[in-house]
Amino acid sequence: MQAHTAHVRNCDRPRNFPTAGGRVESAPFRTALHRSLPVELNPQQRAAVHHLEGPLLVLAGAGSGKTGVITRKIAWLLRECGYRPRQVLAVTFTNKAAREMRERVRRLLADRPVRGLRIGTFHALGLEILRTHPQALGYRAGFSIFDTHDSLHQVAEIVRKARLHLEPEHARWQIGAWKNEAIDPEAALAGAESDREVACARVYAAYQDQLRAYNALDFDDLLLQPVRLFETHPELLEAWRERIRYLLVDEYQDTNPAQYRLVRLLSGPLGAFTVVGDDDQSIYAWRGARPENLARLAEDYPRLTVIKLEQNYRSTGIILRAANRLIAHNPHVFEKRLWSRLGQGERIRVLSCRDPEHEAERIVSEILHRRFQERARDGDFAILYRGNHQSRPFEQALRAHRIPYHVSGGTSFFDYTEVKDLVAYLRLLVNEDDDRAFLRCVNTPRREIGAATLEKLAAYAGERGIGLLAACFEAGLAQRLPARARHRLEGFATWIAAQADRARRGDPVAVFRDLVEEIDYRGWLESQAKTPEEAGRRWENVEELFEWMERTRAALEGEASLAELVARMSLMDLLDRKDADADGDRVHLMTLHAAKGLEFPHVFIVGMEEGLLPHRSAIESGDLTEERRLAYVGITRARRTLTFSLAARRRVGGQWSETEPSRFLQELPEEDLVWEGGRCDARPPEERRARGRAHLANLKALLEDG
DNA sequence: ACGCCACCTATTTTT
DNA sequence: TAGGTGGCGT
């Protein structure tokens, strides 16, 4: 035990880098924000930062300091190579990653301005491209962005009207898959191989027409349309290439074909880019990511340089050995082997438990124990699982022991009804053709405009080829509708138009606040909510929306038209509050997917059972590689200790069933694992027999003694 | 327009 | 088992 502790201390030392204030930081939660690379880069990192001749692929293993390489490279380009901030573009997948990257670059370049430096998500980039030339593809300024719900609703309506035998979800999924591959409706129809695909392709075409009519784009369009734009307007592409002299892409293994094409287009034939990725951490193939884009790069750019970062600055030797051994079971294009100087560390424990409740209980007592013995903070622990439903017993156990925790994921801010309601108003103010927004606003709060009225309005608008809002003003509507209904519609439309006008002239945020006041949205919330608390909670979200708008307007420095604000809003750059929760000193509960990019001193990977990890559907499909990578991602999150757990039985759809230990446990180095079964026999058979023999020997010895 | 009941289905999720 | 949804009835 003593020796172990000493080891652990040793391991820890190189990780405590002095921060600006000379303070020593320990146990940081998020790599990117709190830790910087050691002052000295290792030779591979340095080579990656300094390489400018032609395209570069950095294969960055987990914990190898890849974000540090990207941020330092940006700093290098600006400081030493004469690039202006506007000429450098860094692309990430999430807003969070973009924020962290910008923050780190800002710190590296504390002495010089970074204004104009482009760091953002693929979607934000697509939005910017489209907003600078909306007319080139037939959009008008102020176009709306449909979120997943709008989009599904739209598809469902098309399916319903066409009386197709098609699940809207499936159609929406298929359309998304086509868009990810940059396949347009005509190509989709041409390539359709089944009746179902033909039907989907038809829906796809109708859906695109519909979006066009609404002057709206969905999330996938933000990637697909820029590709189309550049492929059909070489002069615009040329202008963008002129502006962007260097391109950096993070998490390259997560790119889909549309993103790949966008990168190729923007970076030009010479390939002035650095992409960073790790094929072993590709866990999003199920939503269109193509890890093979890494290998493809070498074919498309014969001059490609590949640099591997294999030194890990995060985990102990035993943890890395486990990770390496596991992932070696996957086929590889690029061989990669992580190593570290952080010492061996503790062995990996495997807790086999009776059932999920027992599993939770044992892990929580483990946390209590470590917290006490090593004075670990709650925030040092992470419990990682395959599916969100697994969190429940852990939440219960943690609550029972009064341990603070935070569950990542769950409802997005933009899924709250109150947020959707008000965003609909904003969208309508900016884009009068957004019929979805119109339909949402028109009766929220109630304006006594009934379904029949709206039906007739829609029919009329359809005939005239105009939006619902515009149709409200038409004299021709008088013949179709009773005067009262028409007056209500016209009153609403006039009012909306007036608000839109005010927003264009004056302070958009103030106009919006007034609007919310005028419709007495707060009163509406109170009347809708079951309890006053609920109304209060919802109103808080509304205030948060206000605050976000204020902040963003301030950040945009006078350039903030309502249209600008609304466009950015749909890309949700607003995570501040959620992160405040996550940053607190709490045990982290999250899915393995959500854990990517994070690290924790103590990691528990729970539910290590066949059917869960690897997931049943993966077993059925016969391809376990992505599940293995998921386990790999989980393992490589751990800095000091790693613990697996499994339950001998689990409810699968209300029915208890016996489980088998995950095959992944068997793929780990046996000598580094400590099985702790207790009374539960869910260990691999060899071990069970060995234990049995030992037990027998013990008994014999006792008998002989007696 | 709302509420209740019955039925169905259980991965991962960002923008 | 539980939660979510869709349809039907009031």
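Note that the structure is a prediction, hence the values are computed from the model and not measured. (Residues numbered from 1 in each chain as written. Chains lettered and ligands numbered in written order. Predicted model: local features only at pLDDT ≥ 70, side-chain atom pairs only at ≥ 80, totals over all residues. Heavy atoms only, no water.)

### Section: the overall build of chain A
A tally of regular secondary structure across chain A gives 32 helices and 17 strands. Evaluated residue by residue, chain A yields a buried proportion of 55% over its 706 residues. Of all intrachain contacts in chain A linking residues separated by at least 6 positions in sequence, the fraction that spans at least 24 positions is 77%. Counting every atom, chain A has about 32,400 Å² of accessible surface; 50% of that belongs to carbon and sulfur. (Helix = DSSP H or I, 4+ residues; strand = E, 2+ residues; numbered from the N terminus. Buried < 20%, exposed > 50% of the residue type's maximum accessible area, 1.4 Å probe, protein only. Contact = heavy atoms within 4.5 Å. Areas by Shrake-Rupley, 256 points an atom, 1.4 Å probe, with all protein chains shown as cover.)

### Points about the packing of helix α6 (residues 122-132) against helix α13 (residues 257-267)
The geometry of α6 relative to α13 is characterised by a closest axis approach of 12 Å and an angle of 60° between their N-to-C directions. Classified by the angle between their axes, α6 and α13 sit oblique to one another. In terms of crossing hand, the pair formed by α6 and α13 is left-handed. Contacts from Phe122, Leu125 and Ile129 in α6 reach Gln259, Leu262, Val263 and Leu266 in α13. (Axes fitted to C-alpha atoms, helices over the stretch in contact; angles between N-to-C directions. Parallel < 35°, antiparallel > 145°, perpendicular 65-115°, else oblique. Left-handed = near helix turned anticlockwise from the far one by under 90°.)

### A short note on unusual backbone geometry
Here the amide bond leading from threonine 444 into proline 445 is cis, since omega sits at -5°, within 30 degrees of zero. Its location among the elements puts proline 445 in the loop between α19 (435-442) and α20 (451-464). Looking along the chain, the bond that leaves leucine 613 and enters proline 614 is cis, with omega of 5°. On the secondary structure map, proline 614 appears in the loop between β13 (600-605) and α29 (616-621). Unusually for a residue other than glycine, alanine 182 sits at a positive phi of about 60°. Residue placement: alanine 182 occurs in the loop between α8 (168-180) and α9 (185-191). Accessibility expressed as a relative area gives 15% for alanine 182, which makes it buried.

### Some remarks on the nonpolar core
Counting 61 residues, the largest nonpolar core has Leu57, Leu125, Phe230, Leu247, Leu262, Leu266 and Leu297 as the members making the most contacts within it. Ranked by size, the runner-up nonpolar core spans 53 residues in total, among them Phe414, Leu454, Ala471 and Leu489. (Core = buried A, V, L, I, M, F, W, Y, C linked by side-chain atoms within 4.5 Å.)

### Brief notes about the environment of proline 185
Along the chain, proline 185 falls in helix α9. For the pair proline 185 and tyrosine 204, spaced 19 residues apart in sequence, the C-alpha separation works out to 5.9 Å. The contacts of proline 185, once residues within four sequence positions are left out, are Tyr204, Ala205 and Gln208.

### Examining the protein's contact with DNA strand C
Near DNA strand C, the surroundings consist of Arg392, Gly653 and Gly654. Among all atoms of DNA strand C positioned within 4 Å of the protein, those belonging to sugar or phosphate total 22%. In the model, a phosphate oxygen of DNA strand C is placed 3.1 Å from a nitrogen or oxygen of the arginine 392 side chain. (Near = heavy atom within 4 Å. Polar contact = N/O pair within 3.5 Å; in protein donor to acceptor, adjacent residues only side chain to side chain.)

### Section: the sheet that holds strand β17 (residues 673-676)
As summarised here, the arrangement of the seven strands in space is β11-β12-β10-β13-β14-β9-β17, forming an open sheet in which the pairing is parallel. Of all the strands in the sheet, the pair left with one neighbour each is β11 (405-407) and β17. Direction aside, neighbouring strands of the sheet carry axes that sit 20° apart on average. Relative to β13, strand β10 (residues 381-385) is paired through four bridges, and the arrangement is parallel. Following the sheet pairing, phenylalanine 381 is matched in β13 by histidine 602. Across the sheet, helix α15 (residues 317-327) is in contact with β9 (348-353) and β14 (638-647); its angle to β14 comes to roughly 55°. In the packing of helix α16 (residues 356-373) onto the sheet, the strands contacted are β9, β10, β12 (587-591), β13, β14 and β17, and the crossing angle to β9 comes to about 140°. (Pairing = 2+ DSSP bridges.)

### As for helix α3 (residues 43-50)
Those residues of α3 not exposed but buried are Gln45, Ala48 and Val49. With its buried residues spanning 100° around the axis, α3 presents them on a single face. Where the residues of α3 are buried, they touch β1 (56-60), α4 (66-80) and β8 (305-309). Between a side-chain oxygen at the N-terminus of α3 and the backbone nitrogen of glutamine 44 the separation is 3.1 Å; the capping residue is asparagine 42. (Arc of directions from axis to C-beta.)

### Brief notes about the pairing of β12
Of all five residues in β12, five are buried, a share of seventy percent or more. Of the two faces of β12, the one lined by Val587, Leu589 and Thr591 and the one lined by His588 and Met590 are each fully buried. As paired strands, β10 and β12 are joined by four bridges and run parallel to one another. Among the inter-strand pairings, alanine 382 is bridged to a residue of β12, identified as histidine 588. Note: β11 against β12, three bridges, orientation parallel. Its bridge partner being in β12, valine 407 is matched across the sheet by leucine 589.

### Topic: the protein's contact with DNA strand B
Around DNA strand B lies a shell of 21 residues, among which Asn95, His123, Arg386, Asn388 and Thr591 are the nearest. At a separation of 2.8 Å, a phosphate oxygen of DNA strand B approaches a polar backbone atom of asparagine 95. With respect to DNA strand B, the side chain of arginine 287 contributes an N or O atom lying 3.1 Å from a sugar or linking oxygen. Class assignment for the residues of the surface near DNA strand B results in five nonpolar, 13 polar and three charged. (Nonpolar A, V, L, I, M, F, W, Y, C, P; charged D, E, K, R; others polar.)

### Topic: the pattern of salt bridges
What the rule picks out here adds up to 56 salt bridges. Put simply, arginine 264 and aspartate 300 hold a salt bridge, and the shortest N to O gap is 3.3 Å. Taken together, the residues span a long stretch of sequence, with arginine 264 in helix α13 and aspartate 300 in helix α14 (residues 293-300) at a distance of 36 residues. Measuring nitrogen to oxygen at the nearest pair gives 3.9 Å for the salt bridge that ties glutamate 526 to arginine 522. Note that glutamate 526 and arginine 522 are positioned in helix α24 (residues 521-528) at a spacing of four residues, about one turn of the helix. Via salt bridges that share partners, Lys66, Asp250, Glu251, Asp254 and Lys596 belong to a single interconnected network. (Salt bridge = Lys/Arg side-chain N within 4 Å of Asp/Glu carboxyl O.)

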